[in-house]
Each structure stands twice: as C-alpha cells, then as structure tokens.
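# Structural overview for review
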Protein chains: 2
Amino acid sequence: MASRIVLPEKDEGDILERCKSFMCSPITDVHVLQERKDEMSTRMEMLILETQAAFCKALEQVDGGSFKVDRWQRKEGGGGISCVLQDSKVFEKAGVNVSVVYGNLPEEAAKQMRSRGKVLKAKDGKLPFCAMGVSSVIHPKNPHIPTVHFNYRYFEIEEADGTKQWWFGGGTDLTPMYLNQEDAVHFHSTLKEACDKHHPQYYSDFKKWCDRYFFINHRNERRGIGGIFFDDLDSPNQEEVFAFVKSCARSVVPCYLPIVRKHVNDSFSPEEKAWQQLRRGRYVEFNLVYDRGTKFGLATPGSRIESILMSLPLTARWEYMHEPVKGTKEAELMEVLRQPKDWI
Amino acid sequence: MASRIVLPEKDEGDILERCKSFMCSPITDVHVLQERKDEMSTRMEMLILETQAAFCKALEQVDGGSFKVDRWQRKEGGGGISCVLQDSKVFEKAGVNVSVVYGNLPEEAAKQMRSRGKVLKAKDGKLPFCAMGVSSVIHPKNPHIPTVHFNYRYFEIEEADGTKQWWFGGGTDLTPMYLNQEDAVHFHSTLKEACDKHHPQYYSDFKKWCDRYFFINHRNERRGIGGIFFDDLDSPNQEEVFAFVKSCARSVVPCYLPIVRKHVNDSFSPEEKAWQQLRRGRYVEFNLVYDRGTKFGLATPGSRIESILMSLPLTARWEYMHEPVKGTKEAELMEVLRQPKDWI
C-alpha cells in the first residue's frame, strides 16, 4: 500500500466519567476496566459503548421516542446491551446492539476462521477468545429514508504459546428504497473522509469489499448502495488500526442523521410503501441466507437470538415475479443494485 | 421392518387422456412420454402433474380465483410449471410447483448427497441425473386456516457402469397459527391411512422424521405440528415405493381441503392476524436458514429463484422479544411446537 498518515491517539479520558453517557453500565465491571484501562479490550469496549450511546441519542432526538434498553448476560462468559426502538414515530425498527463475549472458541467458529486462512494453534484443544462489537440496523417507516447498517468489532485469541492474535473488522452501508444521488454522495464522502485520515487506499479498497460482501447471489443484486466493509485488519499495528476503527465509528452519526433529517417529512404513496416492503424482503433474504455474522450467531450455542435477529425489519413482503416497470424510480434503484457505481 | 402389504399397481390409463386434466402440457414432450410410458421417470412425471392439477383445482373451487400458470424452461435441461394464486379471496399466497430437470449433477449437489452417505461413481467426472417433484406451500389469509406444505420427488443418477441409482422423497406437513385438536387429528389420520396401506411402520417413522426435520434450531421450536417426511426411500423395490408415494400424493387434497372449508368463514381479530404475521416470520426463518431444498435451489446455478421462493409468505413480521402470555391460545401453540405430540 502507499504512504501512511499516522495520527496521534487522542486522549480517551476518565473511564468513570465516560461511562456516565452510556445507555447502561458497561458489560465488564467498571473497576476491571479502570485497572486495565490501557488494554485494547478495554479501549474497544469503551468505544463501542460510546458509539451505541451517541447513535441511540441522535436517533431519539429525531424520533421523539426512547430506546428500550436490555442488558443480558451470556452463561459462557460476557454479555451485551441491546437497545431497540420499535414501531415509533420515525422508525419502524431501530436496533443498536453491543456485545462483549469471552470463553473458549467453539469448534464451529474455529473452523470458520481457519477456512478464512487463519492459523490457530489450540492448547489442549482450547482457544481462549474475546470478541466484542457494536452493530446496528435501522429500518425507518418512510420509504424515502434509507435503511442503514453498521458494525465495528474486535477479536482476540490466545494461542498455545500464550501469544495473542487480534484483528478488527467492520463497516457501514446504506440501503435506500429510492435512489437519491445527493444522499449517496454525502454518505460515501463522509466515509471516505474517515478513511482518508488513515490510509489513502482504505476507502477505495473497503468500498469494493462492501460491494462484494453485500451481494445477494441468487438475485444477482446487492443489498444496497454499499459503503465500506473490512475484516481481519491487523496491520500496520494495533494502535493505528484502532485509530481507524475509531474514526469509522465516530462517522456513523454524521453519515446517517443528515439523511434522516432531510427526508423525515417527505410524503409518500401506498405504492412507495409497498415497494419498501418488497425491498425489506430482500434484506431478510440477505441476512438469513448470506450474512456471516447472522449465520455464525444462529449456529453458536448460547448466543442471544433476539439480539441477532433484531436486524430483521418489523414487516416484509414477497410477491411472486415482481419486476419494476422500465423507466420508473424503482427500476432506477435496481440498476444500481445490479451494477454498483462509484459515488465520488 | 415388520410385515409388508403389497398392493397391485392400479392402471394409470392413457397418457394423452390424462394430460387433458393438467394445468399445462407436460414438461417432457407427450410423444416421448408415450414411448417411455412404462419408465419410472414417465410415471412419476404424470403423477406430479396430476397432483398439481388436482390440488390447484380444489383450491380454486374454495377460493373462487384462478391460478396464474407459468411454464418455464431450464437452460441446462428440463423445466417446470409454477402455479400461483396471490392475494386472492381465501389465499394470501398459494404456490404449487412442478419441475423436471436433468443434465449432469453439479459438484455442489454431489457433495451434499455424498455427505448424506450416498456412494456415487462418476464417469469422466460426470454424473447424469434426472430429478423431478411437485411441491407446494399454501398461506391462507384467515389465521384460523393453517398453512400447508407438501413435496413429492424422485431422483435418478446414472453411474459410471451405466447402472441407475434412484430414490424417492417427500412429505406433507401442517403449520397452524392456532391449535385445533380436531384438525390435527384429521390431518395426521389421513396421512396414517395413506401410509398404513404400504407399511405398518411408515407413519410412525416418517412422523418422527418430520418433527426432526422441520426444527428451527435457533428458536428451539418446530415450524408446525408436523405430518410425514421421508427421503432416500429405495426399498423394497421401485414399484412398491412408487405406490406409496402415489398414495401420499393422492392424500394431499383430503388432508387439507376439509380443514380449509371448515374455517373459511371463521371470524378473526386484528390481534389474531398480527400473531399470524409473526408465525409467518418463523416460516421464513425455517425456509431460508434450514430447508435443504431451498438452500440447494438457491446455491444451484440455473435454478428458477421465483419458483423456489414462492414458498415465502406475501407478508411477514418480526417483533423484538415477542413472547405470548401464559394461558393464551398463542402460548398453547408454542407448547406443542416446543414439545411435539402424538395426534393419533
């Protein structure tokens, strides 16, 4: 890759002070977080909780409603905080979920990772791991406000010799029901800006990765108009990757909220609402058939199903042989889902 | 297995005469069917077309609407006839599909079969195959009319030495939104009667297989109250298995239509309709995450996606953390989905 721009890490401030703004107390005990405040697992847990709170509050402000906050524990270790706003004024279903789980990696998960090329040396058949992330899907009521999804995650595995393997993954992507050029450019530019601070190739590489990942193979179309997506990011070093992930996580509100505010009072027809419902059906197809995170979650014993399937819309529709008429706004969207374009 | 009751094969009649009752002309040319009238592939194609027509006509009679009939061809060989009745008087979405496909078995399909224990010896890496079946899912509007699904299929593979491997599979199962003891007993008794003509163990074995197959693992619940399910049936001989499959296929109308007629004028509340929509969500989860036929179809190049996903309901719903209140009719259904029972 080309030359790299390194930024000094901004001070992350006092743990107790930062916790006050969260939707709920952290998953890990606050005293443990304070003791280990310089460890990456602590810094990432603080970042995902901060991202959850900032996004939920921004959505509450525009909606007028309040998120229901569920704190849950995982028997095998760790837990999470699920925030949901359902059938509210602006949002049909808005879910923002944080989880911090640890224990020994289930065999199925190790297999999936090895199939991606990871070399994992187990000690007595065990691989202690820690995984955490923030993930969110927002389905608005108005078909002129797009659906958004983001996820930022961190993974640590302890190998037989005691060394730790770690990597980050994540992304933010937009799923409009109607194409709006200005929205698309705003969304992608905001992501590009976050990426460009860290590496000149990041936006271009991760935009392409996003178009490849969110592909509904059996429909030969993408789920939406993309954004960025990356996984297994572990270079040049932990500090720089974390700084990049932080920039991405902090770009979520500026990526999406201006688009919500712009369209919140747009009028729409029953036909436009019906089209949104059909597109929601495709969203369900992608998430249940292809999404790696969903499939992994559904197959993992002890995972919290309601938090995984929070990503599904409140309502969806499937019509036999529906095909938009040429020249309509619906057909315009399909074209860009079949042939992704560069927005900037 | 215990003693076996062999019935003489009933005369199947003149090909041309039988074709007159079909929804559409057969997939295979009628002259070819006439020439090969004693071959199993011909007899099965006639049976599935006859089953499709009988079921569609019975549904049309109760609904008042007419099925849309689509005949389609598969580039790689064969084709199908898809019959759909959508957003009609009684039915929200009713799909009855027949397909007859042949060619060389795709590697992915061979892998899936070998993982089930099949030994397949390819000739120059090729396995000529022929697969055919009738399958149907009926989603009624009234939440007091259950959803039904059935599928009867036949498979032939030619091995390196020219010998043919063949087997039958199939089943019929019911998915009510509200439990009705009488309906459940009628449905299962009708299936048992069809099974008992052929083997005293069939109903009991295939009822259990059905409960195991239609299991939504991540929800720890079954899709419905079962019925029968079997696969890889190839003994004691082709004639007897075909006679059994024929009895099953001919039991579809008597299994389901009396239940439809009984409830077609039942009144229902908006709450009952909302519960139906949530159960439809679970139907989508099973079909997209677990159903072998759907997964196989979506992964097979050249398959007709709209005919595979015809099984999805017109509308579905997902509510975060929905749980029926104890003692309600909704909770009563959940109990039997979590713990299947014997109906007869």
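This section reports on the structure supplied with the text.

Here is what the cut-offs are and how they apply
- Numbering of residues starts from 1 in each chain and follows the order in which that chain's sequence is written.
- All chains are assigned letters beginning with A, and all ligands numbers beginning with 1, in the order in which they are written.
- Residue-level local features of this predicted model are given only where pLDDT is at least 70; pairs of side-chain atoms are given and counted only at 80 or more, and the full residue set underlies all totals for whole chains, interfaces and linings.
- Values reported for side chains reflect all heavy atoms of the structure, with hydrogen atoms and water molecules removed beforehand.
- By definition, any uninterrupted DSSP run of H or I lasting at least four residues is a helix, any uninterrupted run of E lasting at least two residues is a strand, and each is numbered from the N terminus.
- Restricting the calculation to C-alpha atoms gives the radius of gyration, and the globule rule supplies 2.2 Å times the number of residues raised to the power 0.38.
- To sort residues, take the accessible area from a 1.4 Å probe on protein chains only and compare it with the maximum for the residue type: under 20% means buried, over 50% means exposed, and anything in between is partly exposed.
- Contact between two residues is taken to exist if any of their heavy atoms lie within 4.5 Å; hydrogens are not considered.
- Using a 1.4 Å probe, accessible areas were evaluated by the Shrake-Rupley method; residue-level cover was limited to the displayed protein chains.
- None of His or the chain ends enter the tally, which takes Lys and Arg as positive and Asp and Glu as negative.
- To locate a charge, take NZ of a lysine, CZ of an arginine, CG of an aspartate or CD of a glutamate.
- In this scheme Phe, Tyr and Trp rings, the latter by its six-membered ring, pair at centre separations within 6.5 Å, and the angle between planes marks the pair as stacked below 30 degrees, edge-to-face above 60, and tilted otherwise.
- For two strands to count as paired, DSSP must find a minimum of two bridges between them.
- Only residues with pLDDT of at least 70 in both copies count here: their C-alpha atoms drive the least-squares fit that superposes the copies.
- Think of each axis as a best-fit line through the C-alpha atoms, taken over the contacting stretch in the case of a helix, with angles from 0 to 180 degrees between the N-to-C directions.
- Comment on the angle field: the value is read as roughly parallel under 35 degrees, roughly antiparallel over 145, roughly perpendicular from 65 to 115, and oblique elsewhere.
- Under the convention adopted here, Pro, Cys and the residues Ala, Val, Leu, Ile, Met, Phe, Trp and Tyr are nonpolar, Asp, Glu, Lys and Arg are charged, and Gly plus all remaining residues are polar.
- To estimate the expected span of a helix, count its residues, drop one, and scale the result by 1.5 Å.
- The directions considered for the arc run from the helix axis to the C-beta atoms.
- In this description, buried area is defined as the sum, over both parts, of the accessible area (probe of 1.4 Å) that is lost when the two are combined.
- Salt bridge, as used here: a side-chain nitrogen of Lys or Arg that lies within 4 Å of a carboxyl oxygen of Asp or Glu.
- Side-chain atoms alone can form a polar contact between residues adjacent in sequence; in general such a contact is a pair of N or O atoms within 3.5 Å, and within protein one must be able to donate a hydrogen while the other accepts it.
- Take the buried Ala, Val, Leu, Ile, Met, Phe, Trp, Tyr and Cys residues and link them wherever side-chain atoms come within 4.5 Å; each set so joined is a nonpolar core.

### A closer look at the overall build of chain A
The helix and strand tally for chain A stands at twelve helices and ten strands. Its C-alpha atoms give chain A a radius of gyration of 20 Å, within 12% of the compact-globule value 20 Å for 344 residues. Overall, the C-alpha framework of chain A stretches about 60 × 45 × 40 Å when taken along its three principal axes. A burial count over chain A gives 58% of its 344 residues as buried. A separation of at least 24 residues holds for 72% of the contacts in chain A among residues at least 6 apart in sequence. Split by element, the accessible area of chain A, about 14,500 Å² in all, is 51% carbon and sulfur. Counting 48 positive and 49 negative side-chain charges, chain A places the centres of these two groups 2 Å from one another.

### What about the packing of aromatic side chains?
On inspection of all chains with the given rule, the structure shows 44 aromatic pairs over all chains. With 4.2 Å between their ring centres and 10 degrees between their planes, Tyr213(A) and Phe229(A) make a pair best called stacked. With Tyr213(A) in helix H6 (residues 202-213) and Phe229(A) in strand E9 (residues 226-233), this residue pair connects regions lying 16 residues apart in the sequence. Taking the relative accessible area as the measure of exposure, Phe229(A) reaches 6% and is therefore buried. Measuring from centroid to centroid gives 5.1 Å for Phe230(B) and Phe244(B), while their planes differ by 45 degrees, and the two rings are tilted.

### Quick notes on the pairing of strand E3 (residues 91-104) of chain A
Residue and element names in this part refer to chain A. For E3, the tally of buried residues reaches eleven of 14 residues, placing the bulk of the element in the interior. Of the pairings in the sheet, the one linking strand E2 (residues 78-86) to E3 comprises nine bridges and is antiparallel in character. From the neighbouring strand, glycine 78 faces E3, where its bridge partner is valine 101. Hairpin connection of E2 to E3: four residues between the antiparallel strands, including aspartate 87 at a positive phi of 50 degrees. Bridging between E3 and strand E4 (residues 128-140) involves 13 bridges; their strand directions are antiparallel. Of the residues in E4, the one forming a bridge with phenylalanine 91 is proline 140.

### A word on the relation of the copies chain A and chain B
Overlay of chain A on chain B (RMSD 0.0 Å): rotation 180 degrees, translation along the axis 0.0 Å. In the structure described here, the two chain copies are related by an operation that fits a two-fold rotation axis. Nearest to the rotation axis, the C-alpha of Ala316(A) is located 2.7 Å from it, this being the minimum over chain A. Comparing interface residues between copies, 100% of those in chain A also lie at the interface in chain B; the contact surface is shared.

### A look at the pairing of strand E5 (residues 147-158) of chain B
Residue and element names in this part refer to chain B. Most of E5 sits out of view: ten of its twelve residues are buried. Bridge count between strand E4 (residues 128-140) and E5: ten bridges; the pairing is antiparallel. Pairing of glycine 133 across the sheet is with arginine 153, part of E5. In textbook terms, the turn of a hairpin is the stretch between consecutive antiparallel strands, and for E4 and E5 this stretch comprises six residues. Counted along the chain from E5 to the antiparallel partner strand E6 (residues 164-175), the turn is five residues long, and its residue glycine 162 has a positive phi close to 90 degrees.

### Quick word on the packing of helix H5 (residues 181-196) of chain B against helix H6 (residues 202-213) of chain B
Residues and elements named next belong to chain B. Interaxial distance between H5 and H6 falls to 8 Å at its minimum, and their mutual angle equals 130 degrees. As the angle between them shows, H5 and H6 are arranged oblique. In this structure, H5 uses His188, Leu191, Lys192, Cys195 and Asp196 to contact H6, whose residues at the interface are Tyr202, Tyr203 and Lys207. Looking at side-chain class alone, the contact of H5 with H6 contains four nonpolar, one polar and three charged residues.

### Things to note about H5(B)
All names here are of chain B. A rise of 1.5 Å per residue sets the reference length of H5, with its 16 residues, at 22 Å; its end C-alpha atoms lie 22 Å apart and thus fit the reference within 8%. Of the residues making up H5, those classed as buried are Asp183, Ala184, Phe187, His188, Thr190, Leu191, Ala194 and Cys195. Along the axis of H5, the buried residues cluster in a sector spanning 150 degrees; they form a single face. Every exposed residue of H5 that faces more than 90 degrees away from the buried side is listed here: Glu182 and Glu193. Here the buried face of H5 lies against E5, E6, H6, strand E9 (226-233), helix H7 (238-250) and helix H8 (252-263).

### Some words on the sheet that holds E6(B)
All names here are of chain B. Strand order in the open sheet formed by seven strands is E1-E2-E3-E4-E5-E6-E9, with antiparallel pairing between adjacent strands. Both edges of this open sheet fall to strand E1 (68-73) and E9, since each of them pairs with a single strand only. On average, adjacent strands in this sheet sit at an angle of 5 degrees to one another, irrespective of strand direction. On the sheet, helix H3 (residues 40-63) packs against strand E2 (78-86), strand E3 (91-104), E4, E5 and E6 and is oriented at approximately 170 degrees with respect to E3. Its contacts with the sheet place H6 against E6 and E9, and it is angled at close to 100 degrees to E9.

### Examining the interface of chain A and chain B
Listed by partner, the interface residues are 29 residues for chain A and 29 residues for chain B. Both faces considered, chain A and chain B share a buried interface measuring about 2,800 Å² in area, 59% of it formed by carbon and sulfur atoms. Summed over the three residues of chain A that lose the most area to chain B, namely Glu306(A), Trp318(A) and Tyr320(A), the buried surface amounts to 29% of that side. Here chain A is connected to chain B by two salt bridges. One salt bridge in this structure joins Arg219(A) and Glu306(B), with 3.1 Å as the shortest N-O distance. Inspection of the chain A/chain B interface yields 15 residue pairs in polar contact (both at pLDDT 80 or more). Elements represented by at least two residues in the side of chain A that touches chain B include exactly strand E1 (68-73), E2, helix H9 (270-289), helix H11 (305-308) and strand E10 (315-317) of chain A.

### Considering the environment of Asn142(A)
Residues and elements named next belong to chain A. With respect to the helices and strands, the residue asparagine 142 is situated in the loop between E4 and strand E5 (147-158). Judged by its relative accessible area of 6%, asparagine 142 is buried. The spatial distance from the C-alpha of asparagine 142 to the C-alpha of glutamate 92 is 8.7 Å, given a sequence separation of 50 residues. Ignoring anything within four residues of it in the chain, the contact list for asparagine 142 reads Val90, His263, Val264, Asp266, Phe268 and Gln276. Reaching out from asparagine 142, the side chain makes a polar contact with the backbone oxygen of aspartate 266 at a distance of 2.8 Å.

### Quick look at unusual backbone geometry
A cis geometry characterises the amide bond from Ser235(A) onward to Pro236(A), with omega recorded as 10 degrees. One non-glycine residue with positive phi stands out, namely Asn220(B), at about 55 degrees. Its location among the elements puts Asn220(B) in the loop between strand E7 (215-216) and strand E8 (221-222). We note that Asp232(B) has phi near 55 degrees; this positive angle belongs to a residue other than glycine. Within the secondary structure layout, Asp232(B) lies in strand E9. For Asp232(B), a relative accessible area of 23% gives the class partly exposed.

### Quick look at the sheet that holds E1(A)
All names here are of chain A. Taken together, the seven strands give an open sheet; going across it, the order is E1-E2-E3-E4-E5-E6-E9, and neighbouring strands pair in antiparallel fashion. With one partner strand each, in any of the chains shown, E1 and E9 form the two edges of the open sheet. With strand direction ignored, the average angle separating the axes of adjacent strands in the sheet is 5 degrees. Where helix H5 (residues 181-196) meets the sheet, it contacts E5, strand E6 (164-175) and E9, and its direction lies at approximately 30 degrees from that of E9.

### Describing the nonpolar core
One finds Phe55(B), Phe91(B), Tyr152(B) and Tyr256(B) to be the most contacted residues of the largest nonpolar core, which totals 75 residues. Formed by 73 residues, the second largest nonpolar core is a distinct cluster that contains Ile81(A), Leu85(A), Val100(A) and Leu278(A).

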